[in-house]
Amino acid sequence: MEGLSDKKNDTGEPSVIANSIPKTRDYQQEMLDASLKENIIIAQDTGSGKTLIAILRMRYEIERGSRKVSWFLAPTVALCNQQHSVIKGNMQVPVGLIHGALEPRQWTDITLWKRVLENNRVIVSTPQVLLDALSHGYIHMGLDIGLLVFDEAHHADRNHPMSCIMRDFYFSLPPRLPAAHGSSMPNELDERPMILGLTASPMFGGNATVAFRKLEANLDCVIRSPRANRDELLTHVHRPIFRHVRYDTPQYYDRIEAILANMDIEEDPFVIQLRQKLAKTARGPEHTRMDQKLSKAIQSKKTYSHGGMNDLANAGKAICYDIGPWAADWYIESVEKAYLMKHLSQIKLTPLSYDPADIEAGITDKVRVLLETLEYEKDWSESSNEPYSGLIFVTRRDGVLALSEVLRNHPHSAHFRLGCLLGSSQSSYRNTFLDITRTLLKDQPQADILEGFRSGDRNLIIATSVAEEGLDIQACGNVISWAQSRGRARRRRSSFVLMFESTGIDNARVAEFETLEAQMTALYQADRPSRPTASSDDEVPDPNEPAYPLLAVSHLNHFCAVIPNSVNLPIYDIDPPDMPEGWHSFDPVQRVVPPPYPGPFGCTVTLPRRLPAELRIFSVDRIYPTKQSAYRHVAFKAYLALYHANLLNDHLLPLTSVVEPDLEEEVKSLLKDVEKRSSMASVTSQINPWQDELTDTAWTVTRIVIPGFSPIRMLARVDLPSFAAGEAPRALSSSDLQAAHESTRRLFWCLYGIRMQWDKFDFAYLFESAEEDPEREESFGDDLFANAATFGQAFSHPTDITWIRDGFPYGKVYRFLGWRHDPLSEEELQDFRARYSKMPEIEINYPLLHVEELPQRRNFLQPLPSISGAPLRRSFLPPQVSRVVLLSNVQCDHAILIPSIIRHISIAATAVSLRGSLLTGTPLYHIPFSSLITAITAPVAQGHVNYQRLETLGDAVLKFVVSIHLIATYPFWHEGYLTRRKDHAVSNSRLAKEAIRLSLYKWIVRDRFTPRKFKPQYFTTGEVNEINEDVVAGDSSQGTPKAPEDLSTKMLADVVEALIGAAFLHGGYNLGIECTRLFDLGIDPKAGWQSLEVYIDKALSCVETAEVPTPITDVERMLGYTFTHKLLLVEAVTHSSYQFDVRTVSYERMEFLGDSVLDMVITNHLYHYPGKQFTPGQMHIRKSAIVNMHFLTYICFKCSLEKDASLPRPTRDGIVMDEETQEISLYQCLLHSSSVVIDQQRATLARYRKMKDEIEEALLRGPTFPWAALTRLQSPKFFSDMIESIIGAVYLDSRGNMDIVRQVLRKLGIMQQLERNLRDDVDVLHPLARLHIWAARQQKELTSRACAGDRRETRAG
């Protein structure tokens, strides 16, 4: 059987029978049937199978075809995991699990939630997850949820998320139609879902009737327990036998009290540090906050050290009170900390002894009673042949550890197999002084402890409340409540023991407890009304009134947290302040703690300065009764203002663009990860200009003149570029073409005939000598060669021979030197015989041919190497087996040069095609051919030029123009968004895609030039036996379609950047912008690309004109530049922590621009450096030495000015001025409100002073760049950011004048260091790069790992 079946019970109502999971008991079926009729809370004892009833109920919802989900809520993550595992194993549909560890608050896309609902028919989560999803509108309770299950339903009280879900979202929905109850037909109306609650204890204490009524009202349910099948339930549920024991009042632990009284708060490091920071902080909001913090620290003594001692005292007292002085001494000894040793050492601890007598003497009567109870319970269990298993519930985590240590070492409990359960919280907020329980826990992981308890490997667990609710612990036979908890005894024969202090309880109180338990059981077994009604004293929320802003504080925190580079959360200032201003400065004797202010309260909240000024500060008046209420209302006011400013979406979550709602969708796309570039793309091969670019015109001839060689004429049917030397193309007759075909075949055949067919005439290009030759006749293959012996005899051994071929028809070709009539020397004879050792029949007949190998060089497009190779080998050939090549000296020269000529003209013709196709109608059309050829030639082509240097320059240009475009187009975007948008625009993936879109791959020269394997180009691929009229007239086919090939996408991206570089070289930045426009890179679809001047004007239009503080003038003097727009410089030196001047944002936007400006200036300088042609790699390592964070930090400290600091002093002659100056460094002009920045400045300054001389000597005169010394500055990033932001501000303020930027860089010393590195050829290779080079040569593998102090360690292995 595979599902659930509907049937009618005795009342005619539908019921459900489960038939694919364990057999349903009658009392479970009774509760399941009841849940189909109305909302109920099932109140059954632990171990009675409540979860199974919930599973059956959810299966019913699924199998009746409802499109709504069933949502199962459990109060803890541990319980969620357990219940999800159980439900998933008994469901035929996907079951989703959502809890805080999955960061559901980051699921800001509603489509993501829709997918969750579509993919999972059952969802298990904590209540807070569902509450957040409902609050933001991702989930609509009435339309999306058909059944809501509350596990441990008794939590639904007050402001618990369970109660908030019902109060804020359930009761506002239309009531469920009565006809729908029990119906097997799905109902998809917008209405309240069905509710099912599960609990073993419907109340925590107090009046049972009131507690039941409140819980039923909160969950719109009635509490039910099986009645018809009550007896069956009792056979499966084993209620424990209740016992109680009493113990005497423990002693008091006072060993730490005296120490606490003697601790001076004024000596506390935190107080001392606060006083120092307060003295350096200017008057303003930050000064007030720090003043309040200092006064509160002194008044409350809740500093880290003092608070730690108080925690230690409280823990020691609690452990001593409960367990005894031995356990308290053990605990304190285990938690000693170095920074408190001064005070901890004064505590007179009894020397810790594990002697049984000492342990017995150091425990409380409560522990002795516990030991007796454990022995009794163990004997009671074993008397029935059942193994003992017990749980002891303890309130404190430290109490668990201390009690377990006692029981492990006490002789009367050594036979118990102990385990500890402390919960699994990994919260980053659990960082109090004494939260060491996790480090002291010596046992296995807690899941293993539970499994060991179930299997019997452990028989006693000491636990906090982690085991109190929900966790499946089936094997427990005895529960002892050290903390008076109700417990989870489950076995058939089990007991529940409460421990009471003898002076605090009597038999009447114990009887009262038992009576309350019986009353609760009777209530949920009684016949209760179907629907609870709220009494007059119950608070009923008004559905027409907006929800109280309980979540406003957390929402506002989240809003600020999603702003990148915003390190500050909202700052709340309560009104009035808690302490009088300057209270900490009063004499300690006169310090009177002011009485608590009863209210009302007001509050001011300050948001990060990344937001516009009008949305940064909000206040509420003193009208709220509590501080918490004031916090919530001011947060609500701020969040409401953000909503009205369209900075929140319909789900009340921050827009991803934060400050520009109309750009929401664009920012969503940019926040996606930059697309990874595929390594290869399938494209068609590069164009063949001799076939793909054929014109309809007839053949034309062009004269080619190469210095030192006879001119030659080339005939072609394509548009060729205009060369400086040559003549204008002209038309040819049919006879001229016939002769040109014959001449071309003769020139090609002598060297390349092995790859040709003699009868194939349809060459794509023709060559003939420029000198007129009246004798033109048809020739055959043999007419190109003559037997050397016969030729010599016939013409008396002539000396005007050029080439000799060894053998026939495809022997090696040599250069003829002369005839050898004299006999060979012995050495020459040996070489000759060795050469022809396989041809013994060859005789030496004089004269012999004296020949020399042809030069190895065939690629005449590459320059000659600076060092010539070995001399060409000379030898002797027998004339009878050799052939004379019947070409003149001029023709032989042309035959060798023709492959290089064709290659050069092919590349030039490809550039012509690119310009005529892609660049026509754009300003890019006028880029010189030489630059275009360089930009489209890949290194693999092995040409005399390639795009690598241009690509490096174009990369800098692209990043620069995209940066200034973004700065001007998006004035409110912070640096995080700008960087991501730039990364998308300039990514290799984007460049490659645009190159493919424009078919740029057709014009990339990437075929390797191998002249030794040269083969002439033909118009046709078939065999042609004769020169027909079509070929002579120029009407031939263009060959077969091109097959696809795989091309590196990096090559595609590199060519785009090289073209941008070529455009920049020809027409500056604006022509570079035209190239980015062509490739549609990084533009706003609405505005498009504009000139650099327009962008600068747009950026400056957002800058106000205002007076600035004096330190800004000092910065101008350091830079040697006076700003027109002063606030640009203010922005450039403003840290994000600065709380005063609200006219500007912090420096991140200027740093974003300055980074690209600096990169552009340095790259351009390296590209044009005279006398050098730096490769991209060489440019990169030289640039890295200048633009790195460590060197710019050094510049930030080195740049300074002397200010007059003269002071008057009295002398015999009167008052005179003591002449004195004070050095002000650039880093000191940073505007900030952060004590952390002060500490970092101070620490870095100390390191700078220590390393300054070493760094300066190496930079001025050393042969090696001081990477190691600069790195030891260990500088925070804001120092280098300050330099880059100033550079960006100078560029904007000077309206894009790069000369002024270079002057400022020179004033800072950056340009001088670059020029010194280049002039003296300083070794600037980074040590890590040097290590990688060494490892590659040694074939070693490098591994890196993190070290202490945020350092990384690299090792070779």
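Residues numbered from 1 in each chain as written. Predicted model: local features only at pLDDT ≥ 70, side-chain atom pairs only at ≥ 80, totals over all residues. Heavy atoms only, no water.

Describing the sheet that holds strand β25 (residues 803–806)
By definition, the strands of a sheet pair up through backbone hydrogen bonds, in either a parallel or an antiparallel sense.
Here is step 1 of the chain: One open sheet accounts for 6 strands, arranged β24-β29-β25-β26-β27-β28; its pairing is antiparallel. Each end of this open sheet is capped by a strand with a single partner; those strands are β24 (785–787) and β28 (874–877). Each strand axis lies, on average, 45° off the axis of its neighbour in the sheet, ignoring direction.
Here is step 2 of the chain: As paired elements, β25 and strand β29 (residues 882–885) share 3 bridges and run antiparallel to each other. Residue D806 lies in a different strand from β29, and its bridge partner there is S882.
Here is step 3 of the chain: Docked against the sheet, helix α25 (residues 734–752) engages β24, β25, β26 (813–820) and β29, running at close to 45° with respect to β25. (Pairing = 2+ DSSP bridges. Helix = DSSP H or I, 4+ residues; strand = E, 2+ residues; numbered from the N terminus. Axes fitted to C-alpha atoms, helices over the stretch in contact; angles between N-to-C directions. Contact = heavy atoms within 4.5 Å.)

Overview of the nonpolar core
Here is step 1 of the chain: Core analysis: the largest hydrophobic core is formed by 146 residues, its most contacted members being L1000, L1059, F1191, L1226, I1286 and Y1291.
Here is step 2 of the chain: With 16 residues, the single largest contributor to this core is helix α34 (residues 1049–1078).
Here is step 3 of the chain: In contact with Y1291, other than residues within four places in its own chain, are F960, I964, L1092, I1096, L1153, V1157, G1296, N1297, M1298 and V1301.
Here is step 4 of the chain: L715, F767, C892 and I905 belong to the second-largest nonpolar core, a separate cluster that totals 42 residues. (Core = buried A, V, L, I, M, F, W, Y, C linked by side-chain atoms within 4.5 Å. Buried < 20%, exposed > 50% of the residue type's maximum accessible area, 1.4 Å probe, protein only.)

Quick look at the state of the cysteines
Covalent bonding between the sulfur atoms of two cysteines defines a disulfide.
Here is step 1 of the chain: One pass over the full model with this rule turns up 0 disulfides.
Here is step 2 of the chain: For C750, which is in no disulfide, the shortest distance to another cysteine sulfur is to C892 and amounts to 6.1 Å.
Here is step 3 of the chain: Here C750 falls in the buried class, since its relative accessible area comes to 2%.
Here is step 4 of the chain: Left without a disulfide partner, C1199 is nearest to the cysteine sulfur of C1196, which lies 7.9 Å away. (Disulfide = S-S within 2.5 Å.)

Some remarks on the environment of T744
Here is step 1 of the chain: Secondary-structure assignment places T744 in helix α25.
Here is step 2 of the chain: Of the residues examined, T744 reaches a relative accessible area of 0% and is grouped as buried.
Here is step 3 of the chain: Here T744 is in contact with F763, Y765, L766 and F767, once residues within four sequence places are set aside.

As for the packing of helix α38 (residues 1148–1167) against helix α44 (residues 1298–1308)
Here is step 1 of the chain: Packing of α38 against α44 leaves a shortest axis separation of 11 Å and a crossing angle of 90°. Between α38 and α44, the interaxial angle falls into the category roughly perpendicular. Where α38 abuts α44, its residues V1157, L1158, M1160 and V1161 lie against M1298, V1301, R1302 and L1305.
Here is step 2 of the chain: Here the residues of the contact of α38 with α44 are counted per class, giving 7 nonpolar, no polar and 1 charged. (Parallel < 35°, antiparallel > 145°, perpendicular 65-115°, else oblique. Nonpolar A, V, L, I, M, F, W, Y, C, P; charged D, E, K, R; others polar.)

Here's the deal with the pairing of strand β17 (residues 601–606)
Here is step 1 of the chain: Most of β17 sits inside the fold, with 5 of its 6 residues counted as buried.
Here is step 2 of the chain: Where strand β16 (residues 571–575) meets β17, 5 bridges bridge the pair, whose relative direction is antiparallel. Counterpart to D573 in the pairing with β17 is T604.
Here is step 3 of the chain: One ladder, built from 5 bridges, connects β17 with strand β18 (residues 617–624); its direction is antiparallel. When the sheet's bridge partners are listed, V605 is paired in β18 with F618.

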